[in-house]
Amino acid sequence: MDLAFTKEEQAFREEVRQFFRDNVPPDTRRKMVEGRHLSKDEMVNWWRILNKKGWGVSHWPKQYGGTGWTSVQHYIFNEELQSYPAPQPLAFGVSMVGPVIYTFGNEEQKKKYLPRIANVDDWWCQGFSEPGSGSDLASLKTKAERRGDKWIINGQKTWTTLAQHADMIFCLCRTDNNAKKQMGISFIVFSMKSKGVTVRPIQTIDGGHEVNEVFFDDVEVPIENLIGEENKGWDYAKFLLGNERTGIARVGVSKERLRRIRDLAGKVEAGGKPIIQDAAFREKLAACEIELKALELTQLRVVADEGKHGKGKPNPASSVLKIKGSEIQQTTTELLMEVIGPFAAPYDVHGDDGSNEAMDWTAQIAPSYFNNRKVSIYGGSNEIQRNIIAKAVLGL
Amino acid sequence: MDFDLNEEQRLLKESIDGLLTDSYDFEQRKKYMKEKGGWSKAVWLKLAEQGLLGLPFSEADGGFGGGGVETMIVMEALGKALVLEPYLATVVIGGGFLRHAGSDAQKAAYIPGIIDGSKTLAFAQLEKNSRYDLFDVSTTAKKKGDGWVIDGEKFVVLNGENADTLVVTARTKGDRRDSSGIGVFLVPANAKGVTKKSYPTQDGLHAADITFTGVEVGSDAVIGNPEDSLALIERVVDEARVALCAEAVGLMDESLKTTVEYIKTRKQFGVAIGSFQSLQHRASDMFVAAEQARSMSMFATMANDFENAKERSNAIAAAKVQIGKSLKFVGQQAIQLHGGIGMTMEAKIGHYFKRLTMIENSFGDTDYHQRRVADAGGLI
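Everything numeric in this text was worked out from a predicted model, so none of it was measured. (Residues numbered from 1 in each chain as written. Chains lettered and ligands numbered in written order. Predicted model: local features only at pLDDT ≥ 70, side-chain atom pairs only at ≥ 80, totals over all residues.)

Trainee: Would you explain the overall build of chain A in this entry?
Mentor: The helix and strand tally for chain A stands at 13 helices and ten strands. Over its C-alpha trace chain A gives a radius of gyration of 22 Å, about what one expects of a compact globule, namely 21 Å for 396 residues. For the C-alpha atoms alone, the extent of chain A along its principal axes is close to 75 × 50 × 50 Å. Burial status across chain A gives 43% buried among its 396 residues. Pairs at least 24 residues apart make up 71% of the contacts formed inside chain A by residues separated by at least 6 positions. (Helix = DSSP H or I, 4+ residues; strand = E, 2+ residues; numbered from the N terminus. Rg over C-alpha atoms; globule rule 2.2 N^0.38 Å. Buried ≥ 20, exposed ≤ 12 C-beta atoms within 10 Å, placed from the backbone. Contact = placed C-beta atoms within 7 Å.)

Right, here's the structure in full:
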């Protein structure tokens, strides 16, 4: 048992950090720190910088452009990226559909899609959830019917993150109505520019526009856009969701936010002195930092285990990551609310021109708090995670 | 980075788990509690036979040169089996003082007896008003000729009833809450002027309140610097905290396992109560709490070797906070999920709950350590 990173790993961390310092556009970083939304161009621009460096799809197999890093290196890269902070690669392309394509797709599909995912030539979105199928995803109703050399797709998806930017969608569609619900689903990809695709924005409680409803009305999709086998889509979806077990804890994100809280709490006054000097606040902050340290260690246990024994069998501790990771992210946004106090209320009166540095940081704190309620809901709600632990780990 | 045990450590774990499976089920434990002093000499000698009492001592001192991970393995196993024998008091704490600061003569005089199981120790530190502050010492040690005269009262001294030797903190200089002027003394339990009031503790162990009235010891009784041993005391107590964290992880593992088994078999409304989602979620939360505790127990074990004493103490304090929060949740919910049967002395779960609860109140509780971490500037 040994907690220490090797010399090589430490050098790697320094290399990654230096690359971020030299290459993340300052304005992108500032917006991330302040919890602002980035424009499509800002994100794509950064991802192309990453891809040019060869780090855009770091965890993919080498033949498809991956780095061949160890699981510890991936951990370090993610932590540094999250805590710098800089935008993480677009999960829908890089972490979700990419691995499905290189694992289950045919050669033609790999050639066609993978390089474009890596360079974000296509922006991908995820067509999983439906109005009637949230936690019970397998009950989904969006239908793909075979007609000649085409799929005809009808139905509706929802919570489709950043679909307003998307060029492509990977979509779970029902292709067999008679089979048991998990058995009749297929994994089909198609262009968001297709005739019959309508995207309608959903405004969330923070006032932002991240998610959308997507409607399919007799959308025609070439037959070769099926990934893998017909009616095996549920297996690919499970593979996809299980693929990113360790990133979900978002330890780096919470670390960065806690550093920011400590920094701001040294400036904002309460009772005539900086709020960091208030013992009760300080203890609350320490409590959150301790929880995060425990989570970081749990994550490292999973990472070390994967490095040693491969990704085949999930470490039981990995189910802790989503639950605790989301709770801690939410706690950090609560602490920020506490620091800002009554100045949480004003809307973004200064806009985002960076002209009023003294006040600009306050504008996004309440929205970020509101927005972060999502993290215990998405990606399998924390209640679903508890079901998983009860069944898969405790055998209940 | 590696969280796996190496081959030798795996063997150690197998060997102690095997020993305790054979000789420490809940019924056997009840018998041991009734033996003189509240624990089994026979079990203690078995631990000695397997080399477990000599684990952390250097080979030069007749031990096996084990490190923090080895102690963690043993403490987890002792927790899992709810062991009564004074491993913490004798090997971890008493042995810790000897390892870190004992003179060659002291090591030669005490360590062989610890290793062969013939002698046990107890740590007389807590005072009426000191609570968790290790520097708060009113007991005095005054110079007399070459030796010292000790006066004062110590409370809740674990294994105080049975120990052959007491490791006593006493003030040689300064005022009650001064950080300098504290010494550590080895006092024979049968020395003139030592009086003990023994009692069982809430968790089934035994402790004593001990009064020292003009107790005379020689110059060879002093461990380390008689006027400046707070750092030594903090070092050894940090090791005790790390050991308690590991013991708590073992206790939580067994509590969770027992609870899950129970709700799988207990039927109400015609079905196993473990089929109800509210209970499943509670059990899942217990699992999460136990895993977070395990991570911090490992962190504390490795932090024990940090060279910077402040970083070491801060990390161990953080671990004690996580363990405190986890053990309270796991312990309380284990009782809740057992229902009425969990309230009875006959069911083993309550005994695990009680030991967990006493660990929370040993060497600094959650609030105490949380404040320490906060005052040290946090953990990020």
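Trainee: Would you take a moment to explain the overall build of chain B for this structure?
Mentor: Helix and strand content of chain B: eleven helices and ten strands. For chain B, the C-alpha radius of gyration of 21 Å lies close to 21 Å, the compact-globule estimate for 380 residues. Each principal axis of the C-alpha distribution contributes one length, and for chain B these read about 80 × 50 × 40 Å. Buried positions account for 52% of the 380 residues belonging to chain B.

Trainee: Honestly, the confidence of the model for chain B in this entry has me stumped. Any pointers?
Mentor: Regions with low pLDDT carry predicted coordinates that are not meant to be interpreted in detail. Overall, the predicted model of chain B reaches an average pLDDT of 97, with 100% of residues at or above 70. In the predicted complex, the global pTM is 0.94; the interface-specific ipTM is 0.95. (pLDDT = per-residue confidence, 0-100.)

Trainee: What exactly am I supposed to notice about the nonpolar core here?
Mentor: Most often, soluble globular proteins have nonpolar side chains that are buried together. Residue and element names in this part refer to chain B. Among the nonpolar cores identified, the biggest contains 212 residues, and Phe 185 and Ala 248 are the most heavily contacted of them. The greatest single-element share of this core, amounting to 17 residues, is contributed by helix H7 (residues 230-265). Beyond its immediate stretch of four places on either side in the chain, Ala 248 contacts Gly 79, Ala 293, Ile 323, Leu 327, Leu 356 and Ile 359. (Core = buried A, V, L, I, M, F, W, Y, C linked by C-beta atoms within 7 Å.)

Trainee: In this structure, what is going on with unusual backbone geometry? I would like to understand it.
Mentor: Note: most residues except glycine have negative phi, and most peptide bonds are trans. Cis geometry is found at the peptide bond from Tyr 84 of chain A to Pro 85 of chain A, where omega equals -5°. Along the polypeptide, Pro 85 of chain A turns up in the loop between helix H4 (71-83) and helix H5 (91-104). The residue Asn 159 of chain B is not glycine, and still its phi comes out positive at about 65°. Classification of Asn 159 of chain B by C-beta neighbours within 10 Å gives buried; the count is 28.

Trainee: Whenever I open this one, the interface of chain A and chain B confuses me. Can you help?
Mentor: Counting residues at the interface gives 37 residues for chain A, matched by 33 residues for chain B. Here the side of chain A that touches chain B gets 15 residues from one element, more than from any other, and that element is helix H9 (residues 279-309) of chain A. Of the residues assigned to the side of chain A that touches chain B, the class counts are 22 nonpolar, two polar and 13 charged. (Nonpolar A, V, L, I, M, F, W, Y, C, P; charged D, E, K, R; others polar.)

Trainee: For this particular structure, what's the right way to read the pairing of strand S5 (residues 182-188) of chain B?
Mentor: Along any regular strand the residues' side chains alternate between the sheet's two faces. All names here are of chain B. In terms of burial, S5 is a largely internal element, six of the seven residues being buried. In terms of strand pairing, strand S4 (residues 165-171) meets S5 through seven bridges, oriented antiparallel. Bridged to Thr 165 within S5 is Pro 188. Looking at chain direction, S5 and strand S8 (residues 222-223) are connected through two bridges and run antiparallel. Note that in S8 the partner of Phe 185 across the bridge is Val 222. (Pairing = 2+ DSSP bridges.)

Trainee: Quick question: what am I supposed to make of the environment of Trp 44 of chain B here?
Mentor: All names here are of chain B. If you trace the backbone, Trp 44 turns up in helix H3 (residues 41-49). By the C-beta count within 10 Å, which is 23 here, Trp 44 ends up buried. Along the sequence, Trp 44 and Glu 85 sit 41 residues apart, while their C-alpha atoms lie 6.7 Å from each other. Aside from chain neighbours lying at most four places away, what touches Trp 44 is Glu 85 and Gly 117.

Trainee: What's the story with the packing of helix H9 (residues 309-338) of chain B against helix H10 (residues 349-360) of chain B in this structure? I'm lost.
Mentor: The relative placement of two packed helices is expressed as an angle between their axes plus a distance between the axes. All names here are of chain B. H10 packs onto H9 with a crossing angle of 160° between their chain directions and a minimal axis gap of 9 Å. Taken together, the axes of H9 and H10 are roughly antiparallel relative to one another. In this structure, the crossing between H9 and H10 has a hand that is left-handed. Here Gly 324, Leu 327, Lys 328, Gly 331, Ala 334, Ile 335 and His 338 of H9 lie close against H10, whose contacting residues are Ile 349, Gly 350, Tyr 352, Phe 353, Leu 356, Thr 357, Ile 359 and Glu 360. For the contact of H9 with H10, the residue count by class is eight nonpolar, five polar and two charged. (Axes fitted to C-alpha atoms, helices over the stretch in contact; angles between N-to-C directions. Parallel < 35°, antiparallel > 145°, perpendicular 65-115°, else oblique. Left-handed = near helix turned anticlockwise from the far one by under 90°.)

Trainee: What exactly am I supposed to notice about the environment of Glu 8 of chain B here?
Mentor: Considering the arrangement of structural elements, one finds Glu 8 of chain B in helix H1 (residues 7-23). Sequence separation between Glu 8 of chain B and Glu 70 of chain B is 62 residues, and the spatial gap between their C-alpha atoms is 9.4 Å.

Trainee: For this particular structure, what's the right way to read the environment of Lys 195 of chain A?
Mentor: Residue and element names in this part refer to chain A. Positionally, Lys 195 belongs in the loop between strand S5 (185-191) and strand S6 (197-202). Of the residues examined, Lys 195 has 9 C-beta atoms within 10 Å and is grouped as exposed. Spatially, the C-alpha atoms of Lys 195 and Lys 31 are 35 Å apart, while their sequence positions differ by 164 residues.

Trainee: Teacher, can you tell me more about the pairing of strand S3 (residues 147-158) of chain B here?
Mentor: Residue and element names in this part refer to chain B. Here five bridges tie strand S2 (residues 140-144) to S3, and the two strands are oriented antiparallel to one another. Residue pairing across strands places Thr 140 opposite Asp 151, the latter belonging to S3. With antiparallel pairing between neighbouring strands as the criterion, S2 and S3 make up a hairpin whose turn holds two residues, including Gly 145 at a positive phi of roughly 60°. Where S3 and strand S7 (residues 206-217) come together, eight bridges link them in antiparallel fashion. Bridging across to S7, Val 157 finds its partner in Ala 208.

Trainee: I would appreciate a short explanation of the packing of H4 of chain A against H9 of chain A in the present structure.
Mentor: Residue and element names in this part refer to chain A. Contact geometry for H4 and H9: axes closest at 8 Å, N-to-C directions at 145°. Every residue of H9 that contacts H4 at Ser 71, Val 72 and Tyr 75 is listed here: Val 303, Glu 306 and Gly 307. When its residues are assigned to classes, the contact of H4 with H9 shows three nonpolar, two polar and one charged.

Trainee: Looking at this structure, I do not really get helix H4 (residues 68-80) of chain B. What am I missing?
Mentor: Note: α-helices contain 3.6 residues per turn, so residues at a spacing of three or four share the same orientation. All names here are of chain B. For H4, which comprises 13 residues, the first-to-last C-alpha distance of 18 Å matches the rise-based estimate of 18 Å (1.5 Å per residue) to within 8%. Burial analysis of H4 places 13 of its 13 residues in the buried class, the great majority of the element. Immediately downstream of H4, the backbone of Leu 82 shows phi near 55°, a positive value. (Expected span 1.5 Å × (residues − 1).)

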